[in-house]
Amino acid sequence: MKENNSCHTDSCGCTTPIFGSERMLQSAPCETIPCHPTSPEIAYQMVKDETFAQTQPRLNLATFVTTYMDKYATRLMNEAIAVNYIDETEYPRVAVMNAKCINIMANLWNSPEQNKWKTGAIAIGSSEACMLGGVAAWLRWKARRKAAGKPCDKPNFVISSGYQVVWEKFAQLWQIEMRTVPLTHEHITLDIEKAISMCDENTICVVPIQGVTWTGLNDDVEALNQALEKYNASTGHNVPIHVDAASGGFILPFLQPEKRWDFRLKWVLSISTSGHKYGLVYPGLGWVVWKDKSYLPEEMSFSVNYLGANITQVGLNFSRPAAQILGQYYQFIRLGFEGYKAIQQSSMAVAEYLHAEIAKMPQFHAYSTTLENPLFIWSLKDDYAKKAKWTLFDLQDRLKQSGWMVPAYTMPKDIEDMTVMRIVVRQGFSRDMADMLLADIKNYISDLEKLEYPTESRIATDKKDCHKRKWHLFSHTGR
Ligand SMILES: *Cc1c(COP(=O)(O)O)cnc(C)c1O
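Residues numbered from 1 in each chain as written. Predicted model: local features only at pLDDT ≥ 70, side-chain atom pairs only at ≥ 80, totals over all residues. Heavy atoms only, no water.

**Structural notes on the side chain of glutamine 45**
Point 1. Looking at where glutamine 45 falls in the secondary structure, it is placed in helix α1 (residues 40-50).
Point 2. For glutamine 45, a relative accessible area of 18% corresponds to the buried category. (Helix = DSSP H or I, 4+ residues; strand = E, 2+ residues; numbered from the N terminus. Buried < 20%, exposed > 50% of the residue type's maximum accessible area, 1.4 Å probe, protein only.)

Following this line, the structure appears as C-alpha cells:
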C-alpha cells in the first residue's frame, strides 16, 4: 500500500484534556480521512463544535419540520436508532406498527377501503411520498392507454405555480410534462377553470396542494373534484387527483373535519403528507395512501427474498431508519385525536395572533385575511415600499442577529415582483416567543427607518424595477 505522505505519527491525545490536546490544535479533516484514530471525547467535541453556532432549531420559523418532541418520544426514537425498517424479518413488529400508522392515516382521511390493512407506504418525507403518488398515477394512465391501443409517450400533470420543488423533480426525473397554472393577484390559490383547461387525454393527474409552501393556503379540492367530474364525463377521460397535503394532511382532519378534501371525494385517489411536519415527528417521515389497493399499480411493489423471508415493499429507498415509525405511533397513542387537535389549535392560535399583530403594523400588508394552516406570509405595503430605504431581505438579516430565521423571498413567476416574508408556527413556538419576535421586528424596523442611505438590497430592487419599467415601455412601443 502506498504510504500517504501527509501521515505522521500522531499522538492520539487520549491522555490530555480535550482542549489541551494536540488534536484540538489541528484543523478538522476536509479532504482526506485522518491517518489515525482520535479519542471519542475529542472527536465528539470537534463535530459538536462545528455545528455549535447554528440557529436554535426552535427559533427557525422558516422550516415546516418538527423541532420539538417530548422526552419519551425522544427516548423511544433514540433507543430505536439502530433499527433498519427494511429488516422486516428481524423486526416484524416494526412492520406491523408501520401498517398500523398507515391505517390510522387512511382513516383520518376517510378512506373507504375495506381491507384490514389499508394501502399506503412509508416515505422519507413528502418528497418521496409525492413521487410515489405521481408514479402510481402515471402507471395507471399508461396501463389504460396501452389497453386502448393509444400512445403513452407524452404524459403530463397539472399543478399551480405554487408547487413545492419536489414536483419539478418528479417532472424532470420521470420526464413527465409539468403544466403550471399561474398564481396571480386575482387567483391566490389554484385557478380551477384554468387547471381544467390544461387537461387532456395525456393528463395523469391534477395535484392540488393543502398548505401551499409559498402562501400557507389550501387549493379548493372539492371544487376541483366537481370540475373534473364534469370534465371526465364530457370527454371520456379519466383524470384523477393526487392531493399534496404535506402540511394540511395533519391539520385538516383535526381542525376542519367537516371539510371535504380527502377520500370522500370521488376523484381523489391518493394523498401524501409529511409525518415530520404537522405529524409532529422528527425528520424524516412521509406517508402516502391510496384510496384502495386497486389504485396502487402492482409494478410498484418489489419483492426481495434475501432477508430471511419474502418481503414486498413500495418505496424509492430500501434501508431507512425505523425510529420515525416508533415516533409517529407514539404520538398517535400519546396525543390521540384530542391531543393532536389541541396542539394544532394552539399553533393556529399563535399564528393568528402573530398574523393579526403584523397586519396592524403600518409598514405591512397581510397576503390573506384568514389562515388555513399555522403559517402565513406578508409584504411591505406598496406605497411604503416605494419610499422605504430597506426591504424585507434586510429585515431577515437583522432578525438573524437575534437568532430568528424568518425567510424573505420573491413569489413564483407572474407575481415574482412581490417580495414576502413567511412565518411557520410549529409546536414549541409559544405565545411568549411570538411576543419576543414581534418586539424584535418592531425594534429592527425602527433601526431600518433611521437609515440615511438605502440598503444594498433596496438599490438592487430599484435597479430591477427600473429595468422592468424600461422593458415594459419598450415592448409597448410596438417595435
Ligand atoms: C414540504 C413540502 C413538500 C416536501 O416535503 P418533504 O417532507 O420536505 O420531503 C412537498 N410539498 C409541499 C406542499 C410541502 O410543503
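Text resumes after the structure shown.
**Thoughts on the domain arrangement of the protein**
Point 1. When cut into domains, the protein gives domain 1 (7-53), domain 2 (75-332) and domain 3 (344-470).
Point 2. In this structure, domain 1 and domain 2 have C-alpha centres spaced 45 Å apart. (Domains from an automatic or database assignment.)

**Considerations on the packing of helix α4 (residues 126-147) against helix α5 (residues 165-174)**
Point 1. Relative orientation of the contacting elements α4 and α5 amounts to 45°, with a least axis distance of 10 Å. It follows that α4 is oblique to α5 by the angle criterion. For α4 against α5, the interelement crossing comes out right-handed. The residues of α5 that touch α4, namely those facing Ser127, Cys130, Met131, Gly134, Val135 and Trp138, are Val166, Trp167, Lys169, Phe170, Leu173 and Trp174.
Point 2. Partitioned by chemical class, the residues of the contact of α4 with α5 number 9 nonpolar, 2 polar and 1 charged. (Axes fitted to C-alpha atoms, helices over the stretch in contact; angles between N-to-C directions. Parallel < 35°, antiparallel > 145°, perpendicular 65-115°, else oblique. Left-handed = near helix turned anticlockwise from the far one by under 90°. Contact = heavy atoms within 4.5 Å. Nonpolar A, V, L, I, M, F, W, Y, C, P; charged D, E, K, R; others polar.)

**Examining the sheet that holds strand β11 (residues 375-380)**
Point 1. The antiparallel open sheet is built from 4 strands, whose spatial order is β10-β11-β13-β12. Lying at the two open borders of the sheet, with one neighbouring strand each, are β10 (364-366) and β12 (408-410). Recorded for the sheet is a direction-independent mean angle of 40° between the axes of neighbouring strands.
Point 2. Pairing analysis gives 3 bridges linking β12 to strand β13 (residues 419-424), with the strands arranged antiparallel. What sits directly across from threonine 410, in β13, is threonine 419.
Point 3. Contacts between helix α11 (residues 392-401) and the sheet are confined to β10, β11, β12 and β13, with β13 contributing the most and set at about 35° to the helix. (Pairing = 2+ DSSP bridges.)

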